[in-house]
Amino acid sequence: MHADLRFALRSLLKTPGFTAVAALTLALGIGANAGVFSFLSMMLVRPLPLPAVQDLVFIGEHSKQVPGMSVSYPNYLDWRQRQQSFTALGAFRGQSFNYVGPAETERVSGAQFSADMWPALGVNPRLGRWFGADDDKPGAARTVLISEGFWRRAFGARDSVLGEKLTLSGELYTIVGVMPADFRMPTGTPEVWMPFGLFAEQNMERGNHPGLYCIGRLKPGVGYDAAMADLRTIAKQLEQEYPASNTGNGVSVQRLVDRVIGQQRSAVWISFGAAFGVLLIACANVANLLLARAAARTREFAVRAAIGAGRGQLIRLVLAESLLLGVAGTALGLLVGYGTMQGIKTLIPPNSPFVTQVSMDGTVFAFAVLVGVGVTTLFGLVPALTGSKVNLNEALMAGGRTGGGHVNARWRSVLVSGEFALTLVLLFTSGLMMRTIYNLYRADAGLKTDHILSFGYGLAGRDWSEPAKRAQLLDRALERLRALPGVTSVALTNPLPMSGGGNQTSFLPEGLADPGPGKRFSTENNAASRDYFETMRIPLIRGRYFTDQEKADEPRVVIIDTMFAETHFAGQDPIGKRVMMGNPANPTALTVIGVVGHVQNYGIGQDTRVQLYSPYRQVPPGFVSFVLRTSVEPAALGNSIRGAMREIEPTLPVFAVRTMDEVFDNTVTNQRIMLTLLSIFAGLALLLAAIGLYGVLSYIVGQRTREVGIRMALGATAGSVRQLMLNQGLKLAAIGLGVGLIACLGVARLTASVLYGVSPYDPLSLGAVSVILVAIGLFSSWLPAHKATRVNPTEALRTE
Amino acid sequence: MTTENPSLIKLEGVTKVFLTDEVETHALSGIHMDIRKGEYVSIAGPSGCGKSTLLSILGLLDTPTDGTYILNGRPVQGLTLPERARIRNREIGFIFQSFNLIGDLTVYENVELPLTYRGMPASERKTRVTEALEKVGMGHRAKHLPSQLSGGQQQRVAVARALAGSPAVLLADEPTGNLDSKNGDAVMELLHSLHRAGSTIVMVTHDTRFARHAERTIHVFDGRVVEEQVEAGSAH
Ligand SMILES: Nc1ncnc2c1ncn2[C@@H]1O[C@H](COP(=O)(O)OP(=O)(O)O)[C@@H](O)[C@H]1O
Ligand SMILES: [Mg+2]
């Protein structure tokens, strides 16, 4: 074998062109795959850096009005007590805090955990301890765990950090632990964790669903379905015990992995499918090269066999070559793969829990080696087998011109048609993605995102518990921002559209009999300032906008959207109508003063509800987003905004400074990543398929030289010879096209879920990519076809 | 020989030099030749003396390095490539030593091919192909592929293909070289009968047994005509 390898190396180096093209082709295919596979493997093998992830279950609630509802704290406490399926059942919610650091105030993202979260997740702190049940209750001493990153950044990674104090949103916490570097919440990347129990008192209302969700770890031997049944039974009991708050509420159970990966799953699979297509095409090309090489060496093999080489020896020789090629291709491919992975990472928003986790680990490495070496060995085998079976006499007599050439050409044609079929599927899918993105950006979101800068602002903590004080500060901030050069209008709102958040509140139109708990209506409940609608270009349909006159102690007014008006005041003038909110026994009446356009507040094409806006002065939120319409490039205003806000209140940080265009971009991240990857992969596929067709047709032209000579002797013109060969190339492309079209229909079911505004069978895209494919087929056939016209008939017909 | 017959092929001082790897091969060194309509001429000579090269030039597959070639009263020098293709198609019928049928086409399609290049309508092609195949006794094998035929049968199909378009001259390069003597005799007999029916034939052969069919044998040696010999017992 050693000698075989040495000889194989020598013969590969003797044909540097072949070797380079084959290794590079393989590297591109493997690289694209290894890059995407690093994401797939993370998704499948280690979606979260937690032990036994498959035993973790994510739990929320749902009602008819709010399909994805968070968990009420008292419900959680009852579940925890009554359940029999989990070793631990924890509750958590994300919450960010203002952190007054030595240099500047900043916003740190954090999470509030019930003490049971730690045993449920099964992670240990790197330093110190978890907080326990004693810390997790109202009035307990305030304790906090910090992330490894925060520990390094703010505490110089001191071990003595335990016991030190930390001020978060005006409250003093004692640090009891530091989390390990790779610990990450399924939902984000918090830097501080504190007991939820500290805030429990404000959340004891059973009808209140304050953004909590539960994570449970299944007991050994308890299945997912059994646990779900267990929780459903408890939810039924609670419904009976607390009809006022719990009627119609059910429990939603999901594997934690599904929850985390859910939205990315089809994106990752489709990208992987595309990368795999590229790999197949690359393999087909390498197989083609190997077959061509085998054909060219028929005579060499015949000579070797004639002087006594056994079939096994011939096979070993060819296999040694493929093996070397495979290793070289894989090594290069891993480099390409690393680049691909890094490239994909730059496309993903940095705060996604995915990004930092993905790496080229052993699994990816093993995958690449398996594919690279496996594929070359496999495809090396075919030529080795056909190559070793040559008819000695024929090969020697015909001077190596014939011998298996026909069979060889047929195989290679099949491969190339397959490449074209796959390329069509890739092109088509990226065409659909392109139309999807186009539709998403062109769609009417109900507001205009251009020239708007937004930022978050949190007025949390003891200092700001007074609503009037919050309103005053916000007033001053609006005024100060309005004076900034380049700013044409300023407003505030909560929550910011398309940022992922939403508040829902149940209500009843005035005069409607209370249908009872669980049957009331639900609306998006937003706060807005006077100029919000004009700033965001949300059109006024009826009535008027807010003014500066709405006072906290005056009767409350609201603006509703067209969807609200059509749903609840169909055929009537909604202006002056009242909606009742809050405790049904003693509701607050809100008078409608205006109707504005509907906003796609969860992103284009996402589920959305009726919308209602209250003037922020009547309900001053503890958390707002400012939006500034600018006459200049909005991103350029970041620093002047920070400066202005620091002047107004130095202890409150400005954070999440983003243009509205960026906010929108984030809602289509999945599609953008897919478009980028699919376009690159489709381009790669097209290139490889073109090279493949070129190679095969050149080979066929070589094979048919004699035939061309005969035809010329019989009076064929150059034009008819060219046509003959072009037809051959186009035939291969057309077969690929036909097979590809059928495959496209099959793939449609997979892509449908990520498309927007375009059918997965879109005939326009299908037509366009078919034309591209035929054009490429023509293009890559042209040169070999032209070469055929240059055949010298006398030479072609000479027999040696 | 009948002097009133016009000259079909006239070569004057034709030379052919091949340049390969800086080596000049003088395949033909000043050939003079005159072949009249209806003649049956055989070209003989040792291997490598330039017979095939000469036939290629006669068949417009190759161009002479020097000298003139007048075909049917018209100098072929300066013809465009499409014009040469047209002449090959209409005026010349080739018969090769190795048959050179196209393996992917049936017997019928092989014979039909030159007619197709001529743009002849399908019905007329059919008549011609059937006629030609009948003439060589291969009418019953029209649907076969060449690989299903014996060498002799293949060569008869090749002859049918050459004469289907009623060319002015049939050029045959050692048509019996790949055949056993029985099949070779049959093909020779076929050419002989074609000649009797009026065809002009130029045939390369080094088999003296067959040369007697021809009216005239031109002996070539080292790219030159060294001797012309008129068969005593030839027809006409
Ligand atoms: N295409 C070519 N390139 C170089 N040399 C050639 C070529 N064709 C023929 N020759 C040479 O010309 C000479 C005559 O060849 P050819 O006409 O085939 O001879 P014959 O048919 O009489 O055996 C030979 O020496 C041959 O090697
Ligand atoms: Mg010869």
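Residues numbered from 1 in each chain as written. Chains lettered and ligands numbered in written order. Predicted model: local features only at pLDDT ≥ 70, side-chain atom pairs only at ≥ 80, totals over all residues. Heavy atoms only, no water.

A closer look at the overall build of chain B
For the record, the criterion: Counting from the N terminus, the helices are DSSP H or I runs at least four residues long and the strands are E runs at least two residues long. Just to be clear, the radius of gyration here is over C-alpha atoms, and the globule rule we use is 2.2 Å times residues to the power 0.38. When a residue's accessible area, from a 1.4 Å probe over protein chains only, is under 20% of the maximum for its type it is buried; when over 50% it is exposed; and in between it is partly exposed. For this analysis, residues touch if any pair of their heavy atoms sits within 4.5 Å. What sets the accessible areas is the Shrake-Rupley method with a 1.4 Å probe; for residues, cover comes only from the shown protein chains.
Counting its regular elements, chain B contains seven helices and ten strands. Since a compact globule built from 236 residues should have a radius of gyration of about 18 Å, the 17 Å found for chain B is in line with a globular shape. Dimensions of chain B, computed from the C-alpha atoms along their principal axes, are close to 45 × 45 × 40 Å. The buried share among the 236 residues of chain B stands at 50%. Residue pairs in contact within chain B that sit at least 24 positions apart in sequence constitute 68% of those at least 6 positions apart. Carbon and sulfur atoms form 50% of the exposed surface of chain B, whose accessible area is close to 10800 Å².

Quick word on the packing of helix 19 (residues 669–703) of chain A against helix 22 (residues 763–789) of chain A
All names here are of chain A. Formally: Orientation is described by lines fitted to C-alpha atoms, with helices fitted over the stretch in contact, and by angles between N-to-C directions that extend from 0 to 180 degrees. An angle below 35 degrees is read as roughly parallel, one above 145 as roughly antiparallel, one from 65 to 115 as roughly perpendicular, and any other as oblique. Two helices crossing with the near one rotated counterclockwise from the far one by less than a right angle form a left-handed crossing, whereas a clockwise rotation gives a right-handed crossing. Classes in brief: Ala, Val, Leu, Ile, Met, Phe, Trp, Tyr, Cys and Pro nonpolar; Asp, Glu, Lys and Arg charged; the others, Gly included, polar.
Taken N-terminus to C-terminus, the directions of helix 19 and helix 22 make an angle of 30°; their axes are 9 Å apart at the nearest point. By the angle between their axes, helix 19 is roughly parallel relative to helix 22. Relative to helix 22, the crossing made by helix 19 is right-handed. In this structure, helix 19 contributes L686, A690, L693, Y694, L697, S698 and V701 to the contact, and helix 22 contributes I772, L773, I776, G777, S780, S781, L783, P784 and A788. Of the residues belonging to the contact of helix 19 with helix 22, the class tally is twelve nonpolar, four polar and no charged.

Remarks on unusual backbone geometry
Residues and elements named next belong to chain A. Residue P495 is reached from N494 by a cis peptide bond, and omega for that bond is -10°. For P495, the position within the fold is in the loop between strand 12 (487–494) and strand 13 (504–509). Although it is not a glycine, R537 sits at a positive phi angle of roughly 60°. Using a relative accessible area of 45% as the deciding quantity, one classes R537 as partly exposed.

Here we look at the interface of chain B and chain A
Note the following rule: By convention, the term buried area covers the 1.4 Å-probe accessible surface removed from two parts as they join, with the contributions of both added. Here a polar contact means two N or O atoms within 3.5 Å. Within protein one must be a hydrogen donor candidate and the other an acceptor candidate, and residues neighboring in sequence count only if both atoms are side-chain atoms.
Residue-level contacts link 18 residues of chain B with 16 residues of chain A. Roughly 1500 Å² of surface becomes buried between chain B and chain A when both sides are summed, with 60% attributable to carbon and sulfur atoms. Seen at the junction of chain B and chain A, the total is six residue pairs in polar contact (both at pLDDT 80 or more). Here the side of chain B that touches chain A is built from residues that sort into ten nonpolar, four polar and four charged.

Section: the site of ligand 1
Here is the rule: Being near a molecule or strand, for a residue, means having at least one of its heavy atoms within 4 Å of it.
Taken together, the neighbourhood of ligand 1 is formed by 13 residues, with R798 of chain A together with G48, K51, S52 and T53 of chain B sitting nearest. Near ligand 1, the surrounding residues belong to chains A and B. Here K51 of chain B contributes a backbone N or O atom positioned 2.9 Å from an oxygen atom of ligand 1. In this structure, an oxygen atom belonging to ligand 1 sits 2.7 Å away from a side-chain N or O atom of S52 of chain B. Where the shell around ligand 1 is concerned, the elements lending two or more residues are strand 1 (7–20), strand 2 (23–36) and helix 1 (51–58) of chain B. A per-class count over the shell around ligand 1 returns three nonpolar, seven polar and three charged.

Digging into helix 5 (residues 148–155) of chain A
Residue and element names in this part refer to chain A. Which entries qualify depends on this criterion: The directions from the helix axis to the C-beta atoms are what the arc is built from.
Here helix 5 has its buried residues at E148, F150, W151 and F155. The buried residues of helix 5 occupy an angular sector of 160° when projected down its axis, which confines them to one face. Just past helix 5, the residue G156 takes up positive phi, approximately 55°.

Side note on the sheet that holds strand 2 of chain B
Whenever strands of a sheet pair, they do so through backbone hydrogen bonds, lying parallel or antiparallel. Residue and element names in this part refer to chain B. Where we set the bar: For two strands to be treated as a pair, DSSP must find at least two bridges joining them.
Taken together, four strands build an open sheet; the order of strands is 2-1-4-5 and the sheet is antiparallel. In the strand order of this sheet, the two ends are held by strand 2 and strand 5 (74–75), each with one partner. By the bridge criterion, two bridges tie strand 4 (residues 66–71) to strand 5 in an arrangement that is antiparallel. The partner of L71 across the bridge, within strand 5, is R74. Lying on the sheet, helix 1 is in contact with strand 1, strand 2 and strand 4; it crosses strand 1 at an angle near 120°.

Looking at the confidence of the model for chain B
For the record, the criterion: Per-residue confidence from the prediction method is given by pLDDT, with values spanning 0 to 100.
Here chain B averages 90 in pLDDT, and 96% of its residues register 70 or above. In the model output, the complex is listed with pTM 0.82 alongside ipTM 0.91.

What to know about the sheet that holds strand 8 (residues 200–204) of chain B
Residues and elements named next belong to chain B. Taken in spatial order, the six strands make up an open sheet running 6-7-8-3-9-10, and their pairing is mixed. One side of each edge strand has no neighbouring strand; the edge strands of this open sheet are strand 6 (92–95) and strand 10 (224–230). Strand-to-strand twist of the sheet, defined as the mean angle between neighbouring strand axes without regard to direction, takes the value 20°. Examined bridge by bridge, strand 3 (residues 40–44) and strand 9 (residues 216–221) share four bridges and lie parallel to one another. Within strand 9, the residue paired with I43 across the bridge is I218. Lying over the sheet, helix 1 contacts strand 3, strand 6, strand 7 (169–173) and strand 8, oriented at roughly 155° with respect to strand 7. Across the face of the sheet, helix 2 (residues 81–91) comes into contact with strand 6 and strand 7 while running at roughly 75° to strand 6.

Quick word on the domain arrangement of chain A
In many analyses, interface size is given as the accessible surface area lost on bringing the parts together. Defined as follows: Delimitation of the domains relies on an automatic or database domain assignment.
Per the domain assignment, the segments making up chain A are domain 1 (1–49 + 261–403), domain 2 (70–248) and domain 3 (460–651). Each of domain 1 of chain A and domain 2 of chain A was reduced to a C-alpha centroid, and the two centroids are 49 Å apart.

Digging into the packing of helix 5 (residues 151–164) of chain B against helix 6 (residues 181–196) of chain B
All names here are of chain B. At a minimum axis distance of 9 Å, the contact between helix 5 and helix 6 shows a crossing angle of 20°. In terms of orientation, helix 5 and helix 6 fall into the roughly parallel class. Between helix 5 and helix 6 the crossing geometry is right-handed. Here helix 5 contributes G152, Q155, R156, V159 and L163 to the contact with helix 6, which in turn contributes N183, V187, L190 and L194. When its residues are assigned to classes, the contact of helix 5 with helix 6 shows five nonpolar, three polar and one charged.

Notes on a nonpolar patch on the surface
Residues and elements named next belong to chain A. Defined as follows: Patch building starts from residues that exceed 30% relative accessible area and form no salt bridge, then joins like charges within 9 Å and nonpolar side chains (Val, Leu, Ile, Met, Phe, Trp, Tyr) within 5 Å. Every case where a carboxyl oxygen of Asp or Glu lies within 4 Å of a side-chain nitrogen of Lys or Arg is listed as a salt bridge.
Taken together, the side chains of L24, L332 and L335 make up a nonpolar region of the molecular surface, amounting to roughly 290 Å² of accessible area. Examined against the element boundaries, L335 turns out to sit in helix 10 (residues 311–347). Residue class for L335 comes out exposed when judged on its relative accessible area of 62%.

Let's talk about the pattern of salt bridges
All names here are of chain A. Counting across every chain of the model gives 35 salt bridges over all chains. A salt bridge links E241 to R82; the nearest nitrogen and oxygen atoms lie 2.8 Å apart. In this pair, E241 is assigned in helix 6 (residues 224–241) and R82 in helix 3 (residues 73–82), connecting sequence segments 159 residues apart. Accessibility expressed as a relative area gives 40% for E241, which makes it partly exposed. The salt bridge partner of D531 is R530, with a shortest N-O separation of 2.9 Å.

Quick look at the nonpolar core
Quick reminder of the rule: Here, nonpolar core means buried Ala, Val, Leu, Ile, Met, Phe, Trp, Tyr and Cys residues that are tied together by side-chain atoms lying within 4.5 Å of each other.
Residues L50, F113, L121 and W193 of chain A are the most contacted members of the largest nonpolar core, which totals 103 residues. Of all the elements, helix 8 (residues 256–296) of chain A adds the most residues to this core, at 18 residues. Residue assignment places this core across two domains, with domain 1 (1–49 + 261–403) and domain 2 (70–248) of chain A each supplying three or more. Once you skip the residues sitting within four places of it in the chain, L121 of chain A turns out to touch L50, P51, L56, F113, F183, I215 and R217 of chain A. By size, the runner-up hydrophobic cluster in this structure holds 38 residues, among which are V41, L71, F96 and V202 of chain B.

Brief notes about the environment of D230 of chain A
Residues and elements named next belong to chain A. With respect to the helices and strands, the residue D230 is situated in helix 6. C-alpha of D230 to C-alpha of W79: the two residues are 151 residues apart in sequence and 9.4 Å apart in space. Those residues within four positions of D230 in sequence are excluded, and the remaining contacts are Q83, Q84 and S85.

Structural notes on the confidence of the model for chain A
Residue and element names in this part refer to chain A. For chain A, per-residue confidence averages 88 on the pLDDT scale, and 95% of positions sit at 70 or higher. Within chain A, no element has a lower average pLDDT than helix 12 (residues 392–397), which sits at 50, and none a higher one than helix 15 (residues 532–535), at 97. Low confidence marks residues 397–403, where pLDDT is under 50. Its contacts with residues over four positions away, or in another chain, come to eleven contacts.

Structural notes on the pairing of strand 4 of chain B
Residues and elements named next belong to chain B. Where strand 1 meets strand 4, five bridges bridge the pair, whose relative direction is antiparallel. Across the sheet, residue K10 finds its bridge partner in strand 4, namely I70. In this antiparallel pair of consecutive strands, strand 4 and strand 5, the connection spans two residues, and N72 shows a positive phi of 55°.

Let's talk about helix 8 of chain A
Rules: How far a helix is expected to stretch is found by multiplying one less than its residue total by 1.5 Å. The quantity called bend is, for any residue, the angle between two axes fitted respectively to the seven residues ending at it and the seven beginning at it.
With 41 residues, helix 8 of chain A extends 57 Å from end C-alpha to end C-alpha; this agrees with the ideal 60 Å at 1.5 Å per step. In helix 8 of chain A, a bend of some 65° at G262 of chain A exceeds every other bend along the element.

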